[in-house]
Amino acid sequence: MENISLFQKMKIKSIYCLLFLFPIFLSAEVENAIGLKVPKVAEITGLVNRYHQETSTFMPVELAEPFPEPTLIVTGEGSELYLSFPGRISARIGENSRVVLGPAVDGLYEVDLRLGTVTARLDPERDQEQEPGFAIRTKDGLTRATGTYFAVTEYNGQSYAAVKKGEVKKKTTPPAEPDFSAYLKKTTPKKDSGKSTRSD
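Along each chain, residue indices are assigned from 1 in the same order as the chain's sequence is written. Given that the model is predicted, a residue must reach a pLDDT of at least 70 before its local features are reported, and side-chain atom pairs must reach 80 or more before they are shown or counted; all residues, however, enter totals for whole chains, interfaces and linings. Hydrogens and water molecules were not included; the side-chain quantities draw on all heavy atoms of the structure.

All right, on to unusual backbone geometry then. The backbone phi angle of Ser 56 is positive, close to 55 degrees, even though this residue is not glycine. Relative to the assigned elements, Ser 56 resides in the loop between strand S5 (48–52) and strand S6 (57–60). With phi around 50 degrees, Asn 96 is a residue other than glycine that occupies positive phi space. As for its position among the elements, Asn 96 is in the loop between strand S9 (89–93) and strand S10 (98–101). To qualify as a helix, a DSSP run of H or I must reach at least 4 residues; to qualify as a strand, a run of E must reach at least 2; elements of each kind are numbered from the N terminus.

What follows is the structure in structure tokens.
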């Protein structure tokens, strides 16, 4: 993992501008039948698809859609997805990105970043002992920030991290399951008008 400034590779400075435009920690107290808190869709711009395992097809994500199980998300060119996580955490998946996300496991939300950029904002006043943590996995391992704003980019087999406040901690760990790599190679998102929809 290579740490870079906001004005270096992958244009991470533009990502931080968007972080300040996030709604102030959208509510996401979504729970499934067995009580797991799960992330949900807060806003969609352009074409964003999810892989549906039962039908083996890609389907557009919907506003307020929850993710109670690991789900492959693909954003097209000019598209982005905003997510709200219980525990006062919000995240943005940038254009041309491929990630796997789901509910918290053992007190940690883990976003598996296969390609593209994920940015996250954590409420500085959240209870870090009681609320789930947030981390981003890349080929290099697991990246977790102790601050409030951070971004990770996966590009050409390399990972780049930047943090606005606090510090980034990186740990090399085995890949998460299930593995969607076979579907990633087949995925080519279509272009969209770029219109934004947002959950109230």
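Next, the rest of the story.
So, about the environment of Thr 153. Mapped onto the secondary structure, Thr 153 falls in strand S14 (residues 149–155). Here Thr 153 falls in the buried class, since its relative accessible area comes to 0%. Along the primary structure Thr 153 and Thr 119 are separated by 34 residues, whereas in three dimensions their C-alpha atoms are 8.7 Å apart. We call two N or O atoms a polar contact when they sit within 3.5 Å, provided that within protein one can donate a hydrogen and the other can accept it, with sequence-adjacent residues counted only if both atoms are side-chain atoms. There is a polar contact of 2.8 Å between the side chain of Thr 153 and the side chain of Thr 117. Each residue's exposure class comes from its accessible area (1.4 Å probe, protein chains only) as a fraction of the maximum for that residue type: buried when under 20%, exposed when over 50%, partly exposed otherwise.

Tracing the chain through its elements places Thr 71 in strand S7 (residues 71–75). Classification of Thr 71 as buried rests on a relative accessible area of 2%. In this structure the side chain of Thr 71 is engaged in a polar contact, spanning 2.8 Å, whose partner is the backbone oxygen of Glu 69. Among residues more than four places away in sequence, those in contact with Thr 71 are Arg 50, Tyr 51, Val 99, Val 100 and Leu 101. Pairs of residues are marked as contacts when any of their non-hydrogen atoms sit within 4.5 Å.

It is worth spelling out the nonpolar core at this point. The criterion is simple. A nonpolar core is a set of buried Ala, Val, Leu, Ile, Met, Phe, Trp, Tyr and Cys residues joined through side-chain atoms within 4.5 Å. Ranked by internal contacts, the top residues of the largest apolar core, which has 27 residues, are Ile 73, Leu 81 and Phe 134. If one sorts the elements of this core by residue count, strand S11 (residues 108–122) sits on top with six residues. Excluding residues that lie within four positions of it along the chain, Phe 134 makes contacts with Phe 85, Ile 89, Ala 91, Leu 108, Tyr 109, Val 111, Ala 120, Leu 122, Arg 144 and Phe 150.

Now for the pattern of salt bridges. Salt bridge, as used here: a side-chain nitrogen of Lys or Arg that lies within 4 Å of a carboxyl oxygen of Asp or Glu. Here the structure, examined in full by the defined rule, presents five salt bridges. The partner of Arg 50 in a salt bridge is Glu 65, with the nearest N and O atoms 3.0 Å apart. Here Arg 50, found in strand S5, pairs with Glu 65, found in the loop between S6 and S7; they are 15 residues apart in sequence, far enough to count as distant. Here Arg 50 and Glu 65 have matching classes, each one buried. Between Arg 88 and Asp 123 there is a salt bridge, with the nearest N and O atoms lying 3.3 Å from each other. Taken together, the residues Arg 88 in the loop between strand S8 (80–85) and S9 and Asp 123 in the loop between S11 and strand S12 (133–138) connect sequence positions 35 residues apart. Classification of Arg 88 as partly exposed rests on a relative accessible area of 36%.

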